[in-house]
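So the chains spell out like this:
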Amino acid sequence: MVAMSGGIDSTVTALMLHDEGYEVIGITMKTWDYATSGTSKKETGCCNLDSFNDARMAAVEHGFPHFVLDIREEFGDFVINNFVDEYLAGRTPNPCVMCSTHIKWRALLKRADALDCEFIATGHYGNIRQYDNGRYVISKGIDETKDQSYVLWGLQQDLLSRTMLPLGKYRKTEIRQMAIDYGYPELAKKAESYEICFVPDNDYRGFLKKKVKGLEEKVSDGNFIDKHGKILGKHKGYPFYTVGQRKGLDIAFGKPVYVTSIHPENNSVVLGDEDDLDQNDMMVGKLNMIKYDSIETTMEANTKIRYKSPGSFSQLFPEGNEVRVRFFDQVKSIAPGQSAVFYEDDDVIGGGIIQQGRQVF
C-alpha cells in the first residue's frame, strides 16, 4: 500500500515499486476540509483535489487500484486539538510530525491489514533497515538536502518493520528524471508544498482565533518583559508568539529584539537580544526510541532541534522518562513543543518533544 499525495515523490515511489513487481494499491488520504474551515484559500498540498486526481490518474494508467481514504475525523481529533493545546500552553507544536507518526501511518497500517498488504510505502527521503539488535532503524537519505528522517522519529517498531522508503537511496534530481522518464514532465516541475495543510495561508494566529472562542479577549494586553521582569510594553496575547520571533512584535527599541521565552501562567512574553536565545541545555520528553530500546547511560549524539538544522554535538543524560541534552556549543531558539531528534552518525537513535531549554554555565 503506497501513500500517494499526487506529488512527484509518492507517485514515483508507487510506479517504481509497481515496476519491481510488487502488487501495489495506491491510497490518497484526505485529512482536512477547507469548505468547513472558514479559509478562502484554495486547498493545497496533500488535500488538493487536483492532487487526488493526479494520484488516481497515475494509478489507472499503470494498472493498479487507487482509493481515497477519508481520515478527517481521526486527523482533527488528534492533530488539531494538539496544535491548539500546545499554543495555549505556550509551546510551538510541529503538527506534521504528529500527523505522520500518530495518524497517517496508523491509518495506513489499519487499511493495509484490511486489504492484506504486507508493506506500506511512502515517498519520504530516508532509509529503514534492521539493526544487529533486531530493532528497525531509520537513517538519513543519501540526499541530505531532502532527508526527512527528522520528521519520522515518532514511528514505532511495529510500523517501521512494515514500512518501505524506496527514495532514500536516490537524490531528488534522479527522482525528477524518473518522473520525466515515466511520462510525467509536468509532475517533475510541480512545486512542493511546505504549508501546514489546515493553515494554508500560514496565519496560525487567525486559525487559533477561529478555533478558540473569545481567545483574543482572554489573552490581550499581556506584558512584554525583559529577562529581569521589567515591563517593556503590551502584547496581543502569548499564544500569538513563538520563541525566536523577531518580526511582527509591534514594539520599537531601535535595535532588533527577539522572543526568548513565553509564560502562559501570567500571559507574559520575554524579549531579549539575539545572544539571549543562546542555550546549551534542554529537557526532552514523550520519547520514542528507535535504534536502541532505551538510553541507559550517558551517550554522545548529534541532536537536531529543527528540520533543516545540521544538528549540534551533545551529550544525552537519561532522567526518568525524559532525556537531558547538554550541548557542547550554544544553540539558538530552543522552542518547547518542537521535536528533538538524536543521531548516531546517520542513524536515528530516537526523539521526543522539547519540554524546556535553559542556559547552564
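Rules behind the numbers
- Residues numbered from 1 in each chain as written.
- Predicted model: local features only at pLDDT ≥ 70, side-chain atom pairs only at ≥ 80, totals over all residues.
- Heavy atoms only, no water.
- Helix = DSSP H or I, 4+ residues; strand = E, 2+ residues; numbered from the N terminus.
- Buried < 20%, exposed > 50% of the residue type's maximum accessible area, 1.4 Å probe, protein only.
- Contact = heavy atoms within 4.5 Å.
- Pairing = 2+ DSSP bridges.
- Right-handed = clockwise from strand over helix to strand, strands pointing away.
- Core = buried A, V, L, I, M, F, W, Y, C linked by side-chain atoms within 4.5 Å.
- Axes fitted to C-alpha atoms, helices over the stretch in contact; angles between N-to-C directions.
- Parallel < 35°, antiparallel > 145°, perpendicular 65-115°, else oblique.
- Nonpolar A, V, L, I, M, F, W, Y, C, P; charged D, E, K, R; others polar.

A. Expanded view of the environment of Ala-112. With respect to the secondary-structure elements, Ala-112 resides in helix 4 (residues 95-114). Note on Ala-112: relative accessible area 0%, which makes it buried. Between the C-alpha atoms of Ala-112 and Val-2, which are 110 residues apart in sequence, the distance is 9.4 Å. Ignoring anything within four residues of it in the chain, the contact list for Ala-112 reads Met-1, Cys-117, Ile-120 and Arg-162.

B. Local environment of the side chain of Asp-9. Note on placement: Asp-9 falls in helix 1 (residues 8-19). Note on Asp-9: relative accessible area 14%, which makes it buried. Setting aside anything within four residues of it in sequence, one finds Asp-9 in contact with Gly-123, Tyr-125, Leu-167, Lys-172, Ile-175 and Glu-192.

C. Inspection of the pairing of strand 2 (residues 26-30) at higher detail. Across the five residues of strand 2, five count as buried, placing the element largely inside the fold. Both strand 1 (residues 2-3) and strand 2 contribute to a ladder of two bridges, which runs parallel. From the neighbouring strand, Ala-3 faces strand 2, where its bridge partner is Ile-27. Where the polypeptide runs from strand 1 across helix 1 and back to strand 2, its parallel neighbour, the crossover connection is right-handed. Pairing analysis gives five bridges linking strand 2 to strand 3 (residues 66-70), with the strands arranged parallel. Residue pairing for strand 3: Lys-30 is matched across the bridge by Asp-70.

D. Inspection of the nonpolar core at higher detail. Ranked by size, the top nonpolar core spans 58 residues in total, and within it Phe-75, Phe-83, Phe-198, Phe-207, Leu-208 and Tyr-241 carry the most contacts. If you tally residues by element for this core, the top one is helix 4, at nine residues. Those residues within four positions of Phe-75 in sequence are excluded, and the remaining contacts are Thr-31, Trp-32, Ile-80, Cys-99, Ile-103, Cys-197 and Phe-198. Counting 23 residues, the second largest nonpolar core, distinct from the first, contains Met-4, Ala-14, Met-16 and Met-164.

E. Broad picture of the packing of helix 3 (residues 72-88) against helix 8 (residues 204-211). Helix 8 packs onto helix 3 with a crossing angle of 100° between their chain directions and a minimal axis gap of 11 Å. Considered as vectors, helix 3 and helix 8 are oriented roughly perpendicular to each other. Across the interface between the two elements, Ile-80, Phe-83, Val-84 and Tyr-87 of helix 3 pack against Tyr-204, Phe-207, Leu-208 and Lys-211 of helix 8. Tallied by class, residues from the contact of helix 3 with helix 8 come to seven nonpolar, no polar and one charged.

F. Just the sheet that holds strand 11 (residues 268-272), in detail. Spatial ordering of the open sheet is given by 9-8-11-10, a layout of four strands whose pairing is mixed. The open sheet has two edge strands with one neighbour each: strand 9 (231-235) and strand 10 (258-263). Mean inter-strand twist for the sheet, computed between neighbouring axes without regard to direction, equals 30°. As paired elements, strand 8 (residues 222-225) and strand 9 share four bridges and run antiparallel to each other. From the neighbouring strand, Gly-222 faces strand 9, where its bridge partner is His-235.

Just geometry here; none of it tells us what the structure is for.
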